[in-house]
Structures are given as structure tokens and as C-alpha cells.
Number of protein chains: 2
Amino acid sequence: MSEEYDKLPLEPFFKTIDELAPKFIERLQKAIAIPSVSSDESLRPKVVEMAHFLVDELTTLGFTDIQLKELGTQPPPVQDANLQLPPIVLARFGSDAKKKTVLVYGHYDVQPALKEDGWSTEPFQMSYDKAKGILYGRGSTDDKGPVMGWLNVIEAHKKLGWELPVNLVVCFEGMEESGSLGLDELVAKEAKQYFKGVDQVTISDNYWLGTTKPVLTYGLRGCNYYQIIVKGPGADLHSGIFGGIIAEPMTDLVKVMSTLVDGSGKILIPGVDEMVAPLTEKEDALYDNIDFSVAELNAASGSSTAIYQNKKDILKHRWRYPSLSLHGIEGAFSGAGAKTVIPAKVVGKFSIRTVPDIDSAKLDQLVFKHINEEFAKLKSPNEFKVELIHDGNYWVSDPFNASFQAAAKATQDVWNIVPDFTREGGSIPITLTFEQELGVDVLLLPMGRGDDGAHSINEKLDVGNYINGCKTLGGFLHYYGKA
Amino acid sequence: MSEEYDKLPLEPFFKTIDELAPKFIERLQKAIAIPSVSSDESLRPKVVEMAHFLVDELTTLGFTDIQLKELGTQPPPVQDANLQLPPIVLARFGSDAKKKTVLVYGHYDVQPALKEDGWSTEPFQMSYDKAKGILYGRGSTDDKGPVMGWLNVIEAHKKLGWELPVNLVVCFEGMEESGSLGLDELVAKEAKQYFKGVDQVTISDNYWLGTTKPVLTYGLRGCNYYQIIVKGPGADLHSGIFGGIIAEPMTDLVKVMSTLVDGSGKILIPGVDEMVAPLTEKEDALYDNIDFSVAELNAASGSSTAIYQNKKDILKHRWRYPSLSLHGIEGAFSGAGAKTVIPAKVVGKFSIRTVPDIDSAKLDQLVFKHINEEFAKLKSPNEFKVELIHDGNYWVSDPFNASFQAAAKATQDVWNIVPDFTREGGSIPITLTFEQELGVDVLLLPMGRGDDGAHSINEKLDVGNYINGCKTLGGFLHYYGKA
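Residues numbered from 1 in each chain as written. Chains lettered and ligands numbered in written order. Predicted model: local features only at pLDDT ≥ 70, side-chain atom pairs only at ≥ 80, totals over all residues. Heavy atoms only, no water.

> In this structure, what is going on with unusual backbone geometry? I would like to understand it.
Trans is the prevailing form of peptide bonds, just as negative phi is the prevailing case for residues other than glycine. Across the junction of D142 of chain A and D143 of chain A, the peptide omega takes the value 10 degrees, indicating a cis bond. Residue position: D143 of chain A is located in helix α4 (residues 140–160). Of note in the backbone geometry, N416 of chain A takes a positive phi value of approximately 60 degrees without being a glycine. With respect to the helices and strands, the residue N416 of chain A is situated in the loop between α12 (402–415) and β16 (420–424). Take N416 of chain A: its relative accessible area is 65%, and that puts it in the exposed class. One non-glycine residue with positive phi stands out, namely D65 of chain B, at about 55 degrees. Residue placement: D65 of chain B occurs in strand β1 (residues 64–69). (Helix = DSSP H or I, 4+ residues; strand = E, 2+ residues; numbered from the N terminus. Buried < 20%, exposed > 50% of the residue type's maximum accessible area, 1.4 Å probe, protein only.)

Below is the structure:
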């Protein structure tokens, strides 16, 4: 089959999406109007209202087996000890044993937003700038646009009278912006129940790398977060009286922290680099065509402080090499001005972004060994401890598997360009949870652009990304269903 | 004249002090009852009330030329933009051209104190533990006890019908615990006016080194406080997205801070040690008899983190060698838990305690040169600056001059022991101000003990220190007047 032949059958679907665009924009407007801020306890009823809005929409569209999975009381710290977690919304569309089953994940909660933060428009009233073709509003791109996108795909099929090419299971959570409390447990519990028979998971909750070229995301870095605790005197001391005669914890901590990474980003802990998977020619070639430049990095960082000046180095060090960041020190003087204190106990914080094939437990061992050796060199009388605060593994999929190939085809149909295969430097922990608990491939299929301002003021979604995004989501289901 | 002959004439004075002890304790009790906390704006009327209490006492005792020197509006930051600084109380007793004139400085404001902080008694109700012979209350030792001490000396002379052996000028301020705002200007202004003819300044606002042996303090370290500013990206960044591809300011700052001092307290900035005055045999011998031990240091620091294990090394490094302390970092993550931030701008704070013969301006140059060189080695694209926040010079007097010899004689009469000649590691900036503006010798003549808890809960003054302190202050005036 030629590309031409493949593409033709989807044209009526694309046309229907275009016809329904005004209705889809209205659907997104209704969703944005509900301020479902999960981190604000006083707005918890609005998060629950948003779950019910979804139930109504799913019911109208003909979804079945709709369930609101209650997750119980939110654990501390909370102001209201009886605060209930928002429910996870589960529903299915179709259950044909001959079809593949795709689980789509999204979240219906949003980040906080106040007009006073600097928004140009009311954050919870969608503002449609028709001249620019942009929809502004909290949640437009993160993640109400993509969630509505899946509903829109069903509506377009129904209007066309087309059968959905796969069985669809939806899993929409309401705590993603607040640590996805309860989600891991639910996925584990439903893996062999509600999610039984799922062949593939698609998550539409990230963004293009830039602003013009669609991407498919096949990798995420992990993160191991550590703290170094140095404890000396029984209480903070005056540097006039004690300076020069006691071993100061800050001196020790700064010495140890200075041995972890150099200014060019090289991790100085022996053995870490050796665990990194070698770069293959095939992978190296993937970076050649990716639409990115050092100018874009500088614009994003608001500075000219890039370590690498060429695109491929930047992308490799963002995606496929580990990095180590020193985040700060707890317990030392951190205010403005001058305070002549010798801090009694200081806690240095740093984290390592992990990549294939770094073994998380072995990394911990190397980190502990190095730091203990460096501290031992100081011959300090202070108490010392290094510990892991939390970890989350990296995730890498095969960009040549059925999911990615189907998504690539759909993207090419819609955008008339081969998408970039990208990774991300940060982590989306739920990706790994689904992959491990369900034992299936996960696809990250972004709808919005890199400049959407997901957690910032004036969050937006371009109309083009929203409408073409719906076409891409639907197209993916078709190609994947046939694969 | 033999020591015996010298001592006899003061015995009536000492006896009178003992007889008046109950009245002197009552005077201190009245002073403590006024919560003259200079840092609490709402208590500013109480600070002023305390000034008027002093005026009443001075008037009753026959002081003349009593003046309340108003210092104007307190500069920001303040809540009340019209907040007036408390006045400085000036008064004189005697103006005989044939006598020497001694200026005594003290402060009538106190540190904050709340019962809830952990006090065993009400901080502003003096509690007299007769079994232990201890007076508890905020300000008992810092500095209301010594201030009342000078008044008590006059009262004892009046009761005896003795003439005061010197002319006395008092200068009591009400902002010492809050930066001595306005004092430097007043001293400069009055140097050739109210303070004209002053031969000597005595400050009773510090403490014995330990708890059993009286001391006279002839030296203080200075303090130059610096900050290192490293600025990279335009705003804080996410370490997942930017870790490994931009030069992180924290990495640079920690590297630079790690080159300043080692774990044994040695300053690593070239040229600093070379400026320190060599230790003479005479000075070295002064440390031999001083009553101090590493056990006392460990008790004070609440740890066993002493760098030196013998008395002389500890004292020399507290008093006569410089030290460098790293105080903290502004702008980095300083909270509990984990935050994956790349701080955009970080400001490292450190200070150097200075000693003879460190030239403050030359020290700044050495610090700037070293830090700029260390930063240059990093070849970092980040913006960088190192600057002085504030400085205050060291002070060292001659422990063999007339003031110290007179104070030593008085101390020996009262305590029957030769006092230790000590320095302090911290600074009392007013010492230098008086010395420089008036061009006369300054004596630090402490009344309380090292364990009085000046700025802590359960601040106290032993009755023995209060009453014998009065004798010592008066005795000093006699010996100095005759010298």
C-alpha cells in the first residue's frame, strides 16, 4: 500500500473534525470554566464537579461501564483531615474481542491560577483570540485540551457513523498536579480487572519540543534525589565567638558538594558515566533532523548560559545523558543581608537525572560511596549522613514499535511532515507505572506546543494544535487498530 | 606603696556597697520590670520609659547636665514610618578640672523575651533565687546590671560622704540590641562638646570568659562580611528540562565557596595569614594562666567538634587569629523536602573575623582577587560578582596601660585574684567608635559571667557578680583617678 492509499480513508474523519471544530472549542470552554485546582483544598468541590462533567460527556457519547473510583481520604499535610481525594474516572467505548484495546490517560485537574498573577485574561474563562487562532485559559493545554480531544474523536466517529477501530478505555485522574495521589495503587489494582485486555496505553500530557514541528516522545529521564546531612554543634553559634575553633558543618558540606559535578555538567562521581548506554549510530542519526537550536534553549532559559552550542549535543545531554543539579542547602542562612551565624546542621540537596542503563540501586551505592569517601578525607568531627529522598526510574520505549509507527503515520497525514522522535529531560512517573503494571507499550502523543506555558500565566492552546490534535489522536487509533 | 597600703583605703567603700546590697538589688528589679525591648516597635514606649527611669535615678543621685538626646525617626524597615528612636541619656557627676574624667557607656534596652520561649520565671519580673544567690530576669546581666552598677557606685560614695575620685560622664543608649542606630553620629557630634575633656572610656557590656575568674578584655576581632553573587538563567528552571545543558549558578558558587577555608579553619585565600601580627613571647605568656579548657568550649558548642584540643590554641584562634565562616546561600532551595529547581541567582555569604595587623581594605582586595581567580578557572558563562556587605575593624588595647592596670588592681582587691587578660572573638563596634572619635583609651570591664545567657532564656546575674561588680567599678575609678 502506498502512503496515498493509506491516507485517503481518513479524509472524511478529518473533514468531520473540522466541521465540528466550533463545538469542540465550546466543549473545551466548558471544561476550562470549572476551576478544578487540585492543590487548593477550598476548590476540591470544583475538581469533583469536573469529574461529573466528564461523566456526563462520556454518558452522552455512549461510553459504558462508567465508574468514579473513589481514592479515600487525602493523607497529610492537609488542613481538612477528612478531605476526600477526587475520583478517577474510568469508562470504555466498545468491547469487541477482535479489536485491539487502547487505554488513554489524561488528567482533569489543573494548576492554580489567579488573574492577579499576571494573566491578560481571566484564567477560568476561555478567551479565544481569533486573529491569532489561540485559546487562552488554565488547563487549555494541560490537560483539558487533550482530554476533550479523546471525546471529540468519539463524537466525530458517531457523526460519521463510523465504527471506532479499537476498543477505548479512558482513565482520567484529578490529582496529577498534586502528586497523582492514589493513582499508582489504582493502576496496580485494576491492571487485571478494569484494565484487563488493554494492548496499549497512550498519554497525551506533554508538548512539542518547539513551536512548529510535531513530535512523538519515546523517552523520559528518571530522577534520584539525595540529601547530605552534616551536623556539628548543638545549636546555631555566633561566628565571632566560635569562628576558627570549631569544625563548621557548612565548610564540610560545601567541600563535599563541590566534588559532585563540574561546571561543564560532568558528573564527578566515579562509575556513573560507565553505566550510561553507549550511543548507537542509529540513535545518533535520530537527532539530525530534530527541529531545535541553541537559540531556542537560550530563549527558554532567558540567558546565554548553554554548555553546548550545537543542537545534537544539547539534545543528547537533555535526553540521553545523566545530569546532576545542586538544588540548595537547608539549615544555613538563606535570607537577604548579613547574619553572622555558624549553622549547626546543614542539609545539602541534589539530584541526578537518570538514563539507560543506569541502575538506580547501583547509582545510590556509587553516590553514597563517593560522598562518604569525600567526607572521610575532611577528617571532620561532625556527624555525617547521605541519603536518598526519592527516586523514579527513566523510561525509554522503541520509537519503531507499532504504537510509534501508527502515531507517526497519523501525524504525517495531519501535519504533512514526519514528526520528530524526541525524549524529555524530566519525568512523567505514570508512564512507567502503566508500562510496568500493564506490561504493554506506552506512547506519549503530545497535542500542544513547547511555548504553551503549561504551569505559567496565560496558558494557551493553539486552535490548530487542538483541532489537528484531535485528528492525530483519531488517526493514531485507526493506524494502530490496523497494525 | 605596698599592695596592702593601696587596698586599705577602699575597705569602707566595699563595706558600704555590702550594706546597700538590698537596695541595689531592688534598683535592678525596678529596671528589669520595664520591658525595654528595642526590636519590638510596640514596646518602644517602654524603652522611652526606661530612659526616664534613668533620668529620675540620675537626678536623685545628684547628676547634673542631664540630657535626653533625641535621635530622630528610625530608618526603614519599620512598620511605623514615624517611629522615633529612643533617646541617648547623657549626664555628668562632677566637673573638677583637677580630676580625670571617665566616660561610662551602657545600654538600657534589652533583647526580646517571652515566658513561652522556655523561661522558668517571668522574664520581666526579677526572680531572686536566694539559695543559689542568683538574680534572673531579662537585662539582668545585659546590660541593666552594669548600668545600675555605676549608679550604685555614686550612691555608696554619697552615703560614705566620699568625693568621687574622678569626674564621671554617663552615656546610656536604648538601641544597642538593634544596631545602635544613631549612636556613632552622636558620639562624633559630642566628641568635642558634651564629651570634651574625657580622658578614658569604660564599657561594662561583656562577660567573663568562664564562670569563676574575673577578666579584663583588651581586644576584639573585627568582621568583614562578603557576598558572592552568581547569576545565570532569567528565572529558576526545572532540573529535568535544563539539567546538563546549562551552566548552573549553584555549581559555580559551591566550587568557589569550597576554596575559601579548609576543615581545620585555615583560610585558603593567599596573603591573609601573612598580614597577621606575629605572636610575641610576651603575648604568648598571657595565655598560660587563663582559666579555660576544651571542656568549656565543648559545653558551650554542645558538641565535641573543637578543632584544637588545648587551651592556648583555642584561645589564640578565638582571639588573635582570623577565621572564615560560610554562613549560607540566598536564592537556592532552602526548605525541607525535595524541590527539583535550578536556582537562577544564588548569593553565597561568608565573613572573615579580622585581627591585628590585617588591613581591612587590603583584605578586601585579596578576597576579591582570589574569588575572581577561582571563578575565572571555572570558565563559566554565568554573571559573577563579589562584594563587601559591611566591615568593622578589630580593636586591641594595651593591657599594661593605666586603665587596665587600675582595673586589674580593683579586681584583685575585690576578688583576691589577678584577673585574666582576655580578648573576645566577636566585635563590640562602639569600642572602636569611642576610641577613634574621642582619641582616648577604652577599657572593657565585665560584670557578669560567661554562662549568664545574655541573649537566651533564663538570663541571670549572680548576686556575687552584681555586688562585687559594683565594688570593682568603684575601685577602678579610685585607682584610675590616682594613676
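> Whenever I open this one, the relation of the copies chain A and chain B confuses me. Can you help?
The relation between the two chain copies is a rotation about an axis coupled with a shift along that axis. Here chain A sits on chain B after a turn of 180 degrees about the axis and a move of 0.2 Å along it, with an RMSD of 0.2 Å. Considering both components of the superposition, the chain copies are consistent with a two-fold axis. Within chain A, the C-alpha atom positioned nearest to the axis of rotation is that of V254 of chain A, 2.9 Å from it. (Least-squares fit on C-alpha atoms with pLDDT ≥ 70 in both.)

> Any chance you could explain the sheet that holds strand β18 (residues 460–462) of chain A here in plain terms?
Residues and elements named next belong to chain A. The three strands lie next to each other as β4-β5-β18, forming an open sheet whose pairing is antiparallel. The sheet terminates laterally at β4 (127–129) and β18, the two strands that pair on one side only. Between one strand and the next, the sheet's axes are offset by a mean angle of 20 degrees, whatever the strand orientation. Sheet analysis places β4 next to strand β5 (residues 134–136), joined by three bridges and oriented antiparallel. What sits directly across from Y128, in β5, is L135. In this fold α4 packs onto β5 and β18, with an angle of close to 50 degrees to the strand it touches most, β18. (Pairing = 2+ DSSP bridges. Axes fitted to C-alpha atoms, helices over the stretch in contact; angles between N-to-C directions. Contact = heavy atoms within 4.5 Å.)

> Where do I start with helix α3 (residues 44–61) of chain A in this structure?
Count 3.6 residues to each turn of an α-helix, and residues three or four apart come out pointing the same way. All names here are of chain A. In this model, α3 (18 residues) spans 26 Å end to end at C-alpha, consistent with the 26 Å of a helix rising 1.5 Å per residue. Of all the positions in α3, only R44, V47, M50, A51, F53, L54, V55, E57, L58 and L61 are classed as buried. Where the residues of α3 are buried, they touch α2 (11–32), β1 (64–69), β2 (88–93), α4 and β6 (167–173). Two residues or fewer after α3 comes G62, characterised by a positive phi angle close to 95 degrees. (Expected span 1.5 Å × (residues − 1).)

> Would you explain the interface of chain A and chain B in this entry?
How big an interface is tends to be stated in terms of accessible area lost as the parts join. In this assembly, 72 residues from chain A lie in contact with 72 residues from chain B. It is I245, T305 and H327 of chain A in chain A that bury the most area against chain B; as a group they hold 12% of the surface buried on that side. Counting the contacts that link chain A with chain B gives zero salt bridges. At the junction of chain A and chain B, the tally comes to 40 residue pairs in polar contact (both at pLDDT 80 or more). Per-element accounting of the side of chain A that touches chain B gives the leading share, eight residues, to strand β11 (residues 323–330) of chain A. By residue class, the composition of the side of chain A that touches chain B is 33 nonpolar, 30 polar and nine charged. (Buried area = accessible area lost by both parts, 1.4 Å probe. Salt bridge = Lys/Arg side-chain N within 4 Å of Asp/Glu carboxyl O. Polar contact = N/O pair within 3.5 Å; in protein donor to acceptor, adjacent residues only side chain to side chain. Nonpolar A, V, L, I, M, F, W, Y, C, P; charged D, E, K, R; others polar.)

> Got a minute to help me understand the pairing of strand β3 (residues 101–107) of chain B in this structure?
For a regular strand, side-chain orientation follows a simple rule: the groups alternate between the two sheet faces. Residues and elements named next belong to chain B. Across the seven residues of β3, seven count as buried, placing the element largely inside the fold. By the alternation rule, side chains of β3 split into T101, L103, Y105 and H107 and V102, V104 and G106, which are all buried. The pairing of β3 with strand β6 (residues 167–173) spans seven bridges and is classified as parallel. Of the residues in β6, the one forming a bridge with T101 is N167. Pairing between β3 and strand β7 (residues 200–203): four bridges, direction parallel.

> Even after reading the chapter, I still don't get the packing of aromatic side chains, so can you show me in this structure?
All names here are of chain A. Per the counting criterion, the structure on display carries 24 aromatic pairs over all chains. Centroid distance W208 to W415: 5.0 Å. Interplanar angle 80 degrees. Geometry classified as edge-to-face. Here W415 lies in helix α12 and W208 lies in the loop between β7 (200–203) and β8 (215–220), a separation of 207 residues in the sequence. The class of W415 is partly exposed, set by a relative accessible area of 22%. One aromatic cluster in this structure is built from Y105, Y194, F195 and F434. In this structure, K282 is placed above the aromatic ring of F400, and the distance from its NZ or CZ to the ring centre is 4.0 Å. (Phe/Tyr/Trp six-rings, centres within 6.5 Å; stacked < 30°, edge-to-face > 60°. Lys NZ or Arg CZ within 6 Å of the ring centre and 35° of its normal.)

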